[in-house]
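# Architecture at a glance
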Amino acid sequence: MLASLPSALQTLANYRIHNTRASKEVVDKGKVLLDAQAASSLGDDAWAFLEQLTLAAIDVANYEVADECLRQLAAQFPGSPRVDVLSGIRMEATQPPEIALKFYDELLETDSSNAAIYKRRISVLIRIGKIEQAVTELSDYLDTFYTDVEGWVELAELYSSCNQYTSATRALSHALLLAPQNPFYVLQFAETAYTADDIPLAIKMFMLALDIIDRHASEESIPTGVSIRAWYGVKLCCRALSERSCSSASDTLLPKNLPLLDELSTERVLTAYSAAGKDNATGRELVLSWMGPSDRSGGRLHFVR
Amino acid sequence: MSSPAVSLYLDPQIRDWVLFPITLVMILVGILRHYVVLLLQSPPKKLPKAAIREQRALSRSQILRATSANSPIPPSYYRSISSRLHTAFEAGTYLKDGPPQGDAPSTPANPMTDPAAMDGMMAGMKTQMVMMVPQMVIMGWINFFFQGFVLIKLPFPLTLGFKSMLQRGIETHDMDVRWVSSLSWYFLNFFGLNGLYRLILGNDNSAADTSQAMMSSPFAGTNQPGQPQDYVKLFKAEKDNLAFSEGLYLWLGDDVETRLLRKYSKL
């Protein structure tokens, strides 16, 4: 038993570094450590371990372990905002949300600069379905803590869930400013714009996402993952643009060489599906049949080649 | 051994009762000072939300400006954010105490009247006192008991220029520069022990930076964190910067299709 302790500690430290949410394993391993009082041999790492174990234990509804950890943490750091957040989460797990909200309110009254508490409060509000209040509070929070990218993405998702797609793109534009190197946000922006029926903006953003993802791609390389999704987006936008006249709420200009783009996106999506092994044969057929009509209607698009 | 005639013979008692005690006392005082400073440090004061908002408002526009030449967001979005910040800076929405009333001249608050700034200054003063007082006491102690003592002989020759550095407190013209006086030994330790403190107390200790701290006046160092900044003025300057970067603004998406088509050699 004792021999496995160092390896267990190592695994847990790894989880902490990579932010892995493997709550079951953490509780299984952590419980042994907690019983063996191994935490004291950890030095300062012990507190990070206890925090991790608390969250994991609440995750799997093992409240005795969580309470034990919380007790130790509270004894070590009385009045710590981080422990306050943990006990708030513990409260959310078993108590009605109103009590948790009240607890957070009290904390904010004494210290109005605790960002984590605001976020917990907002997440409780979302959980009990008070989306409108959550949006107001989240906007207010982001007005102060502007650099919280996750906050902006969350706000965009909240707006999307209420069909407020234009507002969602506005929130996402802040996320883009804060993390211009992240293609996922660009893709999300593009898809939100597509849903908001701002096709010219959407196709531009899809292409921007591709510009980031496929930085090192060439004609021979096979699109994978996010890249396929973005090429699909370009293809969908091209199709929409060729079928009807699309207006742009953001006054985005239509890209030049649309027929070429249509051709390119078709080609890229087909490459992605024809290169993969046999396992997605059905997928390939579906894609081919979906691409088909548009290819046959090439005359309408006036393909250059 | 160039001139054995002038060579001095130092009493080993000087080594045992002067050289080592001075060094030891200085090391111990440095370590003690580290812990006293730790004790004196009050936890950083928590800012109210409005103050954080005021402080970070500038970074908002800096983030916007940072990418303006290759902006990831479309023109209409950029302009709306930019103009919103512009009006907010103009109206003083982000100011801690709300928009300024009337046209009262905005003077930076006197640090002596603001209790928060006063606290910061007091903390700085306390640290400075902890730095200075022991040094002055040690120097007095050495001057009083060991004035004019020659403590050691350096194992290497030096030029005459070092005389004032190594033989402070001994007014002889003829003595070899290699002999070090007690007061000079104190100064050598004072500036030279930083490495040792770093070794004993870790990198982030408050004993090692004595020499830098001693040079600065007790007010100069404390002003950086505690200084009340005039956000009205800062916001005014930021407004101009925003206007500049709006002129620089270029959307990455403007020619993205050309770039993509080129990459896949369709153009």
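Model, not experiment: these values are computed from the prediction.

Let's shift gears to the overall build of chain B. Per the secondary structure count, chain B includes eleven helices and two strands. When its helices and strands are written in sequence order, chain B yields α-α-α-α-β-α-β-α-α-α-α-α-α. For chain B, the share of sequence-separated contacts (at least 6 apart) that also reach a separation of at least 24 residues comes to 73%.

The next point concerns the overall build of chain A. Summing up its helical and strand segments, chain A has 16 helices and zero strands in all. Expected size for 305 residues packed as a compact globule is a radius of gyration near 19 Å; at 25 Å, chain A overshoots this value by more than 25%. Along the first, second and third principal axes, the C-alpha set of chain A runs to 75 × 45 × 30 Å. Long-range pairs, those at least 24 residues apart, make up 51% of the contacts in chain A between residues at least 6 apart in sequence.

This part is about the interface of chain A and chain B. Accessible area lost upon the coming together of the parts serves often as the stated size of an interface. Counting residues at the interface gives 31 residues for chain A and 27 residues for chain B. Within the residue set of the side of chain A that touches chain B, elements represented by two or more residues are helix H8 (131-144), helix H10 (165-178), helix H12 (199-213) and helix H14 (258-275) of chain A. The element best represented in the side of chain A that touches chain B is H12(A), accounting for seven residues. Looking at the side of chain A that touches chain B residue by residue, the class counts come to 15 nonpolar, eight polar and eight charged.

Okay, the UniProt feature "transmembrane region" (unreviewed entry) in chain B next. All names here are of chain B. Mapped onto the present numbering, the UniProt feature "transmembrane region" (unreviewed entry) falls at residues 17-40, 130-152 and 183-201. In residues 130-152, helix accounts for 70% and strand for 13%; the two terminal C-alpha atoms are 30 Å from one another. End C-alpha to end C-alpha, residues 183-201 measures 26 Å, and it is 95% helix and 0% strand.

What follows deals with helix H9 (residues 149-161) of chain A. All names here are of chain A. Over its 13 residues, H9 extends 19 Å from the first C-alpha to the last, a length consistent with the 18 Å expected when each residue adds 1.5 Å. Within H9, burial applies to Gly151, Trp152, Val153, Glu154, Leu155, Ala156, Leu158, Tyr159 and Ser160. Where H9 is buried, its residues meet H8, H10 and helix H11 (183-195). Among the residues trailing H9, Asn163 stands out with phi positive, at a value near 65°.

A few words on the UniProt feature "repeat: TPR" (unreviewed entry) in chain A. The positions UniProt marks with the feature "repeat: TPR" (unreviewed entry) are residues 149-182 of chain A. When the span residues 149-182 of chain A is considered, its composition is 79% helix and 0% strand, and the gap between its end C-alpha atoms is 11 Å.

Its domain assignment divides chain A into domain 1 (1-77), domain 2 (95-180) and domain 3 (188-305). In this structure, domain 1 of chain A and domain 2 of chain A have C-alpha centres spaced 29 Å apart.

Let us look at the nonpolar core. Residue and element names in this part refer to chain A. Ranked by size, the top nonpolar core spans 71 residues in total, and within it Ala190, Ala202, Met205, Phe206 and Ala209 carry the most contacts. When residues of this core are assigned to domains, at least three fall in each of domain 2 (95-180) and domain 3 (188-305). Listed in part, the 18 residues of the second largest apolar core include Val26, Val27, Ala56 and Ile89.

Let us now look at the environment of A:Leu253. Residues and elements named next belong to chain A. As for its position among the elements, Leu253 is in the loop between helix H13 (226-243) and H14. What makes Leu253 exposed here is the crowd of 12 C-beta atoms within 10 Å. Between the C-alpha atom of Leu253 and that of Leu42, which follows or precedes it by 211 residues, the distance is 60 Å.

A word on the UniProt feature "domain: EMC2 TPR-like" (unreviewed entry) in chain A. With numbering aligned to this structure, UniProt lists the feature "domain: EMC2 TPR-like" (unreviewed entry) at residues 100-193 of chain A. Between the first and last C-alpha atoms of residues 100-193 of chain A the distance is 36 Å; the span itself is 81% helix and 0% strand.

Our focus in this paragraph is the confidence of the model for chain B. All names here are of chain B. Looking at chain B, the pLDDT average stands at 80 and 83% of residues meet or exceed 70. No element of chain B has a lower mean pLDDT than helix H9 (residues 218-226), at 44, and none a higher one than helix H3 (residues 75-91), at 91. Long-range and interchain partners of residues 214-226, a stretch whose pLDDT sits below 50, account for 17 contacts in this model, where long-range means more than four residues apart. Listed scores for the predicted complex are pTM 0.75 and ipTM 0.80.

Let's shift gears to the environment of B:Asp240. Mapped onto the elements, B:Asp240 comes out in helix H10 (residues 231-248). A C-alpha to C-alpha distance of 63 Å links B:Asp240 and B:Trp179, two positions 61 residues apart in sequence.

The backbone phi angle of A:Asn19 is positive, close to 60°, even though this residue is not glycine. Its location among the elements puts A:Asn19 in the loop between helix H1 (4-18) and helix H2 (23-35). Residue classification places A:Asn19 among the exposed residues on the basis of 6 C-beta atoms within 10 Å. A positive phi angle, near 45°, is found at B:Ser265, a position not held by glycine. The residue B:Ser265 is located in the segment after helix H11 (256-263) in this model. With 9 C-beta atoms counted inside 10 Å, the residue B:Ser265 sits in the exposed group.

Quick look at the packing of H10(A) against H11(A) now. All names here are of chain A. Packing of H10 against H11 leaves a shortest axis separation of 9 Å and a crossing angle of 165°. It follows that H10 is roughly antiparallel to H11 by the angle criterion. Read as a crossing pair, H10 and H11 show a hand that is left-handed. Between H10 and H11, the contacting residues are Tyr165, Ala168, Thr169, Leu172, Ala175 and Leu176 on the first element and Tyr185, Val186, Gln188, Phe189, Thr192, Ala193 and Thr195 on the second. The residue makeup of the contact of H10 with H11, split by class, is nine nonpolar, four polar and no charged.

What follows concerns the environment of B:Leu158. All names here are of chain B. Within the secondary structure layout, Leu158 lies in the loop between strand S1 (150-153) and helix H5 (163-166). When the C-alpha positions of Leu158 and Ile138 are compared, they lie 27 Å apart, and in sequence the two are 20 residues distant. In contact with Leu158, other than residues within four places in its own chain, are Val177 and Arg178.

Basis of the calculations
- By convention here, each chain's residues receive numbers from 1 onward along its written sequence.
- All chains are assigned letters beginning at A, and all ligands numbers beginning at 1, according to the order in which they are written.
- Predicted model: local features are reported for residues with pLDDT of at least 70 only, side-chain atom pairs are reported and counted for 80 or more only, and whole-chain, interface and lining totals are derived from all residues.
- Only DSSP runs of H or I covering at least 4 residues are called helices, and only runs of E covering at least 2 are called strands; the numbering of each starts at the N terminus.
- Residue pairs qualify as contacts under a 7 Å threshold applied to their C-beta atoms, which are placed from the backbone.
- The atom set for the radius of gyration is the C-alpha atoms, and the globule formula is 2.2 Å times the number of residues raised to the power 0.38.
- Residues are grouped as follows: Ala, Val, Leu, Ile, Met, Phe, Trp, Tyr, Cys and Pro are nonpolar; Asp, Glu, Lys and Arg are charged; every other residue, Gly included, is polar.
- UniProt positions are given in the numbering used here, feature names are shortened, and annotations may be inferred rather than shown by experiment.
- Expected span of a helix: the number of residues minus one, times 1.5 Å.
- Counts of 20 or more other C-beta atoms within 10 Å of a residue's own C-beta define buried residues, counts of 12 or fewer define exposed ones, and intermediate counts define partly exposed ones; C-beta atoms are placed from the backbone.
- Where each domain starts and ends comes from a domain assignment, either automatic or drawn from a database.
- Think of a nonpolar core as buried Ala, Val, Leu, Ile, Met, Phe, Trp, Tyr and Cys residues, each tied to the set through C-beta atoms within 7 Å.
- Each residue carries a pLDDT score, the predictor's confidence in it, ranging from 0 to 100.
- Geometry is summarised by axes, namely lines fitted to C-alpha atoms with helices restricted to the contacting stretch, and by angles between N-to-C directions that run from 0 to 180 degrees.
- Oblique is the label for every angle not falling under 35 degrees (roughly parallel), over 145 degrees (roughly antiparallel), or within 65 to 115 degrees (roughly perpendicular).
- For any helix crossing, the convention is left-handed if the near helix is rotated counterclockwise from the far helix by under a right angle, and right-handed if that rotation is clockwise.

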